[in-house]
Amino acid sequence: ALAAVTDIFSRGKNALVTGGSGFYLKCFYAPVADEIAVPPSVAEEVLRIEREHGIGGLVRVLQTLNPQGLGALDTRNPRRVESALRRCMASGKTLFQMRAEFEKLTSPFDAFTRKTILLTRSPDSLKHRARARAETMLEAGLIDEVRALSERLKRNQAAATAIGYRETLEWLAASPPPPLSALADRITQNTCGLLRKQRTWFRHQLHPDGIIDLDVATPDPRTLFDF
């Protein structure tokens, strides 16, 4: 990405970076990865602990390596805990030490002026689209899909908590199941909650030189830009 952006600027043009996850976009504003290498032996040991003792065992080992505490680590998220333990074991450092070193890193794009354009919709429009999406998922066979995947979802907690799957699993477990409209309501509610978190994330995790809110209903968005 840095090579591509440098080439674009060398030709007197501006670069427009689009798409990708929020994590991908954040790399244009801040460092997103350190240089800690995790040997296969360490990764396998962490997997062994997880198999034998579950996430509770992982947290206990992690706590012994971090007498200062675990900070803001989400100890209910297996992937976060596994990653933290692998990195502590591989580096011999605590989470606080690694965080302090990480905060001193710089972004490869610090020399560039960066502006973020956030595509926005009104809350009512987003809620309407979230509801339509939930109803479309149900019409397309979401319930049958979750029934077919139920055994696999029991072994994959991350997938089982995905919006759509999580609510449908709860709906199937109810006796008797509530009306389908209640399931659509629940999926819509959780989707809107995720949308709020995403909007907050973009405003607090990206630190550009300027943010432009672009409503999708804007007739001529070119009037908003000065570059």
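*Asks:* For the overall build of the chain, give the residues involved together with the corresponding values.
*Replies:* Summing up its helical and strand segments, the chain has ten helices and two strands in all. Listing each helix as α and each strand as β along the chain from the N terminus yields α-α-α-α-α-β-α-α-α-α-α-β. What you see for the chain is a C-alpha radius of gyration of 22 Å, clearly larger than the 17 Å of a compact globule of 227 residues, by over 25%. When the backbone C-alpha atoms are referred to their principal axes, the chain occupies close to 60 × 50 × 30 Å. Here the chain, with 227 residues, has 27% of them falling under the buried criterion.

*Asks:* An account of unusual backbone geometry is requested, with residue identities and associated values reported.
*Replies:* Look at the link from Ser 175 to Pro 176: it is a cis peptide, with omega at -5 degrees. Mapped onto the fold, Pro 176 is located in the loop between α9 (165-173) and α10 (180-205).

*Asks:* Tell me what's going on with the environment of Asn 190, and back it up with residues and numbers.
*Replies:* Summarising the element assignment, Asn 190 is placed in helix α10. Sequence separation between Asn 190 and Arg 166 is 24 residues; the distance between their C-alpha atoms is 9.9 Å. Residue contacts for Asn 190: discarding those within four places in its chain leaves Ile 163, Arg 166 and Glu 167.

*Asks:* Before we move on, can you summarise the pattern of salt bridges with the specific residues and values?
*Replies:* Inspection of the entire model under this criterion finds 13 salt bridges. Of the charged contacts in the structure, one is a salt bridge between Glu 44 and Arg 51, with a shortest N-O distance of 3.4 Å. Using a relative accessible area of 56% as the deciding quantity, one classes Arg 51 as exposed. With a shortest N-O distance of 2.9 Å, Glu 135 and Arg 131 are connected by a salt bridge. Highlighted residues: Glu 135 and Arg 131, both in helix α6 (residues 123-139), separated by four residues, approximately one helical turn. Note on Glu 135: relative accessible area 35%, which makes it partly exposed. One network of salt bridges, in which partners are shared, links Glu 45, Arg 48 and Glu 52.

*Asks:* Give a detailed account of the packing of aromatic side chains, specifying residues and quantitative values.
*Replies:* Scanning all chains against the criterion turns up five aromatic pairs. Aromatic side chains Tyr 24 and Phe 28 sit 5.5 Å apart centroid to centroid with 85 degrees between the ring planes, which places their arrangement in the edge-to-face category. Tyr 24 sits in the partly exposed class, given a relative accessible area of 36%. In this structure Phe 28 comes out as buried when scored by relative accessible area, which is 8%. Ring centres of Phe 109 and Phe 112 lie 6.1 Å apart, and the angle between their planes is 45 degrees; on these two criteria the pair is classed as tilted. Look at Phe 112 and you get buried, because its relative accessible area is 18%.

*Asks:* Summarise helix α4 (residues 78-91); cite the residues concerned and give the values.
*Replies:* Each α-helix turn comprises 3.6 residues. Residues three or four places apart therefore point the same way. For α4, built from 14 residues, the straight-helix expectation of 20 Å at 1.5 Å per residue is met to within 8% by its first-to-last C-alpha distance of 20 Å. Of the residues making up α4, those classed as buried are Val 81, Glu 82, Ala 84, Leu 85 and Cys 88. An end-on view of α4 places all buried positions within 165 degrees of arc, on one side of the element. Facing away from the buried side of α4 by more than 90 degrees, the exposed set consists of Arg 79 and Arg 80. If you check the start of α4, you find a side-chain oxygen 3.1 Å away from the backbone N of Arg 79, and it comes from Asn 77. Looking at the residues trailing α4, positive phi occurs at Gly 92, about 75 degrees.

*Asks:* Explain the environment of Thr 188 to me, and be specific about the residues and the numbers.
*Replies:* The topology assignment puts Thr 188 in helix α10. What makes Thr 188 buried here is its relative accessible area of 5%. Sequence-wise, Thr 188 and Arg 87 are 101 residues apart; in three dimensions their C-alpha atoms are separated by 37 Å. In this structure Thr 188 touches Lys 127, Ala 130, Arg 131 and Ala 134, once residues within four positions along its chain are discounted. Among the polar contacts listed, one links the side chain of Thr 188 to the backbone oxygen of Ala 184, at a separation of 2.8 Å.

About the thresholds
Residues numbered from 1 in each chain as written. Predicted model: local features only at pLDDT ≥ 70, side-chain atom pairs only at ≥ 80, totals over all residues. Heavy atoms only, no water. Helix = DSSP H or I, 4+ residues; strand = E, 2+ residues; numbered from the N terminus. Rg over C-alpha atoms; globule rule 2.2 N^0.38 Å. Buried < 20%, exposed > 50% of the residue type's maximum accessible area, 1.4 Å probe, protein only. Contact = heavy atoms within 4.5 Å. Salt bridge = Lys/Arg side-chain N within 4 Å of Asp/Glu carboxyl O. Phe/Tyr/Trp six-rings, centres within 6.5 Å; stacked < 30°, edge-to-face > 60°. Expected span 1.5 Å × (residues − 1). Arc of directions from axis to C-beta. Polar contact = N/O pair within 3.5 Å; in protein donor to acceptor, adjacent residues only side chain to side chain.

None of the figures reported here should be taken as evidence of function without further support.
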